[in-house]
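# Architecture and fold: a report
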Amino acid sequence: MSKIPVQFRHNGRDVAIFVDGGTNLLVALRELIGDMTPKFGCGQGGCGTCSVLVDGELHLSCLTLAETVAGRSVETLDGMKQGPNLHPLQRAFADNFAAQCGYCTPGMLMAAKALLDRNPSPSRDEVIEAISGNICRCTGYEPIINAILAAAGGRVSA
């Protein structure tokens with residue numbers, strides 16, 4: 001089986017890799033690029049922990065074929081911060097105690113970023129809808145919702 005060349009932007013940097021046909025984006029990011037921020041959860045698209053942005057839209061990297069991102073932009077949690085400076089969403093998650101074990105956090109942050117990029121002032125219901133594809137077994141969701149609302153406008157704090 002021959003390898004497929006795939007070139008795309010990863011967190012603002014051009015990358016080129018070779019993948020086997022059928023390789024999902026999660027495997028490509030973690031094993032070929034070394035970006036460990038998207039997490040492997042269920043492997044079936046049900047938990048959201050592998051969420052990334054492809055051209056600004058939320059995608060489950062475990063269900064996205066790596067070859068489909070050729071020529072596109074892929075953003076992961078690792079691309080949110082600027083050097084040592086946390087993204088406002090990351091800061092809000094820390095300030096609002098929105099992570100316990102942290103396993104769902106990368107996917108939650110990417111879902112929240114996708115929401116705030118298209119709607120900087122979401123309602124509580126819109127936040128709930130935006131993160132509905134992400135499972136968290138620790139926080140009970142309330143701190144996560146509060147953190148996203150806080151990042152959106154400083155309206156809620158823990």
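First, a word on scope: everything that follows refers to the structure included in this document. (Residues numbered from 1 in each chain as written. Predicted model: local features only at pLDDT ≥ 70, side-chain atom pairs only at ≥ 80, totals over all residues. Heavy atoms only, no water.)

### Quick notes on the pattern of salt bridges
Inclusion rule: Only one rule defines a salt bridge in this text: a Lys or Arg side-chain nitrogen within 4 Å of an Asp or Glu carboxyl oxygen. Numbered from the N terminus, helices here are DSSP runs of H or I no shorter than four residues, and strands are runs of E no shorter than two. The rule is simple: take the accessible area with a 1.4 Å probe, protein chains only, and divide by the maximum for that residue type; under 20% is buried, over 50% is exposed, in between is partly exposed.
Going through the model one piece at a time under the given rule, you end up with 8 salt bridges. Here Asp 20 makes a salt bridge to Lys 3, at a shortest N to O gap of 3.1 Å. Here Asp 20, found in the loop between strand 2 (13-19) and helix 1 (25-33), pairs with Lys 3, found in the segment before strand 1 (4-10); they are 17 residues apart in sequence, far enough to count as distant. Under the relative-accessibility criterion, Asp 20 is labelled partly exposed at 30%. Looking at Lys 3, the relative accessible area reads 48%, which means it is partly exposed. Note that Arg 9 and Asp 14 form a salt bridge whose closest N and O atoms lie 2.7 Å from each other. Owing to a relative accessible area of 57%, Asp 14 belongs among the exposed residues under this scheme. Each of Glu 75, Lys 113 and Asp 117 takes part in a single network of salt bridges with overlapping partners.

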